[in-house]
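Descriptive structure summary
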Amino acid sequence: MADDAVRFLDVGEGERGRRIAYLHADAEGPETAGLLWLTGLKSDMISTKAEALARWAAPRGLGLTRFDYSGHGRSTGVFEDATVSDWLEESEAVFRAVTRGPQILVGSSTGGHLALLLLRRLVETAPEEAARVRGLVLVAPAWDLTEELMWKRYTDDARREILERGRWVQPSAYDPAGYVITRNFIEDGRRHLIKDAGFDPGRPVLVLQGVQDADVPVEHTRALADVLGGDWVRITEVPDGEHRLSRPEDLDKLYGLIEELV
């Protein structure tokens, strides 16, 4: 990827202003679908799945937009200063300012949570923009991650450290330095929960989920069908799949779900 291919979008004002790095490829025509890729926690827009998706989408004439949340990749900001509110604001800004025509939201892990939040916000505040969303394809969606997958799974010692010191380093199999989780991140996340404020997505939500996933348990993903209104959720389970689902056979399943919506 050439450095000059990366563009930037300014989001927020004053001290909360961020420069969000993004990559964008137009669809071959105004009625051809584009894909908006929403990445996982501490990942970036040139991850294995994002790059594979770009190689798959281009010869099919599909558009693809991908970006780095603040505190990730080439965007400005520090990870431990960011919140779900920030990332949702950035996702909406990229959707509105960069994408055109029909779109499919493709979210991985934390990006799955943000894809759902983005659709809910558009449905509630900008129905004309929401109408551009044909559907969602989610990979191991970490919906309600700050509460269900973090806070409720933390030990008492970890919770105490977050409450008293304002931060705690969560061990990670993907980063030897771990992830700094702040009290502000957890508390802000409670403003964006879906479990007790579900909504009707009004379009297909196709999910790819590994049964062996230790980060987003399959039971958590199955529960999404009961939380969202309507009969829109369909889950494709991979019996030997883990969290990343980036093997060639996993990617083929991902492409198949996208093709259904295209």
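In this report, we go over the structure that sits alongside the text. Predicted model only: the values in this text are computed from it and were never measured.

**Comments concerning the side chain of serine 85**
Within the secondary structure layout, serine 85 lies in helix H2 (residues 84–98). In this structure serine 85 touches Asp188, Arg191 and His192, once residues within four positions along its chain are discounted.

**Brief notes about the pairing of strand E5 (residues 103–108)**
In terms of burial, E5 is a largely internal element, six of the six residues being buried. Of the two faces of E5, the one lined by Gln103, Leu105 and Gly107 and the one lined by Ile104, Val106 and Ser108 are each fully buried. Sheet topology note: the strand E3 (residues 34–38)/E5 ladder contains five bridges and is parallel. Looking at E5, one finds that leucine 38 is bridged to glycine 107. In terms of strand pairing, E5 meets strand E6 (residues 133–139) through six bridges, oriented parallel.

**As for the packing of helix H1 (residues 48–57) against helix H9 (residues 248–261)**
Between H1 and H9, the least distance of the axes is 11 Å, while the angle of their chain directions is 55°. With respect to H9, the axis of H1 lies oblique. With respect to the hand of their crossing, H1 and H9 are arranged in right-handed fashion. Two secondary-structure elements touch here, H1 through Lys49, Ala52, Leu53 and Trp56 and H9 through Leu251, Tyr255, Ile258 and Glu259. Within the contact of H1 with H9, the residues separate by chemical class into six nonpolar, no polar and two charged.

**Things to note about the sheet that holds strand E9 (residues 205–210)**
Within the open sheet, the eight strands sit side by side as E1-E2-E4-E3-E5-E6-E9-E10. Their pairing is mixed. For this open sheet the edge positions go to strand E1 (7–11) and strand E10 (233–238), each flanked by a neighbour on one side alone. The sheet shows a mean angle of 20° between the axes of neighbouring strands, taken without regard to direction. Where strand E2 (residues 18–25) meets strand E4 (residues 63–67), four bridges bridge the pair, whose relative direction is antiparallel. Within the sheet, the bridge partner assigned to alanine 25 lies in E4 and is leucine 64.

**Description of the side chain of arginine 18**
With respect to the secondary-structure elements, arginine 18 resides in strand E2. Reaching out from arginine 18, the side chain makes a polar contact with the backbone oxygen of arginine 16 at a distance of 2.7 Å. A polar side-chain atom of arginine 18 sits 3.2 Å from the main-chain carbonyl oxygen of aspartate 86. Among residues more than four places away in sequence, those in contact with arginine 18 are Leu9, Asp10, Val11, Gly12, Ser70, Thr76, Asp86, Glu89 and Glu90.

**Notes on the packing of H2 against helix H3 (residues 110–125)**
Packing of H2 against H3 brings their axes to within 10 Å, and their N-to-C directions diverge by 65°. Overall, the two elements H2 and H3 adopt an arrangement that is roughly perpendicular. Of the two elements, H2 crosses H3, and the hand of that crossing is right-handed. Contacts between H2 and H3 pair Val84, Trp87, Leu88, Glu89, Ser91, Glu92, Phe95 and Arg96 from the former with Thr110, Leu114, Leu117, Leu118, Arg121, Leu122 and Thr125 from the latter. Of the residues in the contact of H2 with H3, the class split is eight nonpolar, three polar and four charged.

What counts, and at which threshold
Residues numbered from 1 in each chain as written. Predicted model: local features only at pLDDT ≥ 70, side-chain atom pairs only at ≥ 80, totals over all residues. Heavy atoms only, no water. Helix = DSSP H or I, 4+ residues; strand = E, 2+ residues; numbered from the N terminus. Contact = heavy atoms within 4.5 Å. Buried < 20%, exposed > 50% of the residue type's maximum accessible area, 1.4 Å probe, protein only. Pairing = 2+ DSSP bridges. Axes fitted to C-alpha atoms, helices over the stretch in contact; angles between N-to-C directions. Parallel < 35°, antiparallel > 145°, perpendicular 65-115°, else oblique. Left-handed = near helix turned anticlockwise from the far one by under 90°. Nonpolar A, V, L, I, M, F, W, Y, C, P; charged D, E, K, R; others polar. Polar contact = N/O pair within 3.5 Å; in protein donor to acceptor, adjacent residues only side chain to side chain.

Bear in mind that shape data such as this cannot, by itself, settle questions of function.
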